[in-house]
Amino acid sequence: MYYSLSGDKWINNDGYGSDKDECNWFGIKCSSTQVSNIRLKQNGLQDTLPKEIGSFPRLEIMDFSGNRISGSIPTEIGTLTKVQKLDARANQFSGTIP
């Protein structure tokens, strides 16, 4: 996700690309050592959301609002059955939510 969304240009990218456990990265919250929240609101994300977003089986909250993410939302997002909130406002997504 970091590389697909131009992480080196983010406002805050603490922990990404390091040896730190992902549960200690900026905007990430874990439950039972698995990612449950991704909150990267207004953080300078740009380009396209990667299909690997579907690799978080315990993900409940995604907040990508206020960034410059473009393209379609990957179909893999449809595998995230625990998601309760998806906030993707103020981006340039195209197409429909799978």
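Residues numbered from 1 in each chain as written. Predicted model: local features only at pLDDT ≥ 70, side-chain atom pairs only at ≥ 80, totals over all residues. Heavy atoms only, no water.

**Q** A description of the overall build of the chain should follow, citing residues and the corresponding values.
**A** The helix and strand tally for the chain stands at zero helices and seven strands. Going from the N terminus to the C terminus, the chain shows its helices and strands as β-β-β-β-β-β-β. Of the contacts formed within the chain by residues at least 6 apart in sequence, a portion of 45% connects residues at least 24 apart. Of the roughly 5700 Å² that the chain leaves accessible, carbon and sulfur atoms contribute 45%. (Helix = DSSP H or I, 4+ residues; strand = E, 2+ residues; numbered from the N terminus. Contact = heavy atoms within 4.5 Å. Areas by Shrake-Rupley, 256 points an atom, 1.4 Å probe, with all protein chains shown as cover.)

**Q** I'd love a proper account of the sheet that holds strand β2 (residues 34–39), names of residues and values included.
**A** Here we have four strands laid out as an open sheet, ordered β1-β2-β4-β6, and mixed in their pairing. In this open sheet, the two strands that pair with only one neighbour each are β1 (28–31) and β6 (85–87). The sheet shows a mean angle of 20° between the axes of neighbouring strands, taken without regard to direction. Sheet topology note: the strand β4 (residues 61–63)/β6 ladder contains three bridges and is parallel. Note that in β6 the partner of Asp-63 across the bridge is Asp-87. (Pairing = 2+ DSSP bridges. Axes fitted to C-alpha atoms, helices over the stretch in contact; angles between N-to-C directions.)

**Q** How would you sum up the pairing of strand β5 (residues 68–72)? Please name residues and give values.
**A** Pairing geometry for strand β3 (residues 46–48) and β5, over three bridges, is parallel. Directly across from Thr-48, in β5, lies its bridge partner Ser-70. Relative to strand β7 (residues 92–94), β5 runs parallel, the two being bridged by three bridges. What sits directly across from Ser-72, in β7, is Ser-94.

**Q** Just give me the short version of the nonpolar core, but keep the residues and values in it.
**A** If you look at the biggest cluster of nonpolar residues, it comprises 18 residues, and the most contacted ones within it are Trp-10, Ile-38, Leu-40, Leu-45, Met-62 and Phe-64. Apart from the residues within four sequence positions on either side, Leu-40 is in contact with Met-1, Trp-10, Tyr-16, Phe-26, Gly-27, Leu-45, Asp-63, Phe-64, Ser-65 and Asn-67. (Core = buried A, V, L, I, M, F, W, Y, C linked by side-chain atoms within 4.5 Å. Buried < 20%, exposed > 50% of the residue type's maximum accessible area, 1.4 Å probe, protein only.)

**Q** So what's going on with the side chain of Asn-91? Which residues, and what values?
**A** The residue Asn-91 is located in the loop between β6 and β7 in this model. Looking at Asn-91, the relative accessible area reads 16%, which means it is buried. In terms of polar contacts, Asn-91 uses its side chain to reach the backbone amide nitrogen of Ile-69, at 2.9 Å. Not counting the four nearest positions on each side in its chain, Asn-91 is found in contact with Phe-64, Ser-65, Gly-66, Asn-67, Arg-68 and Ile-69. (Polar contact = N/O pair within 3.5 Å; in protein donor to acceptor, adjacent residues only side chain to side chain.)

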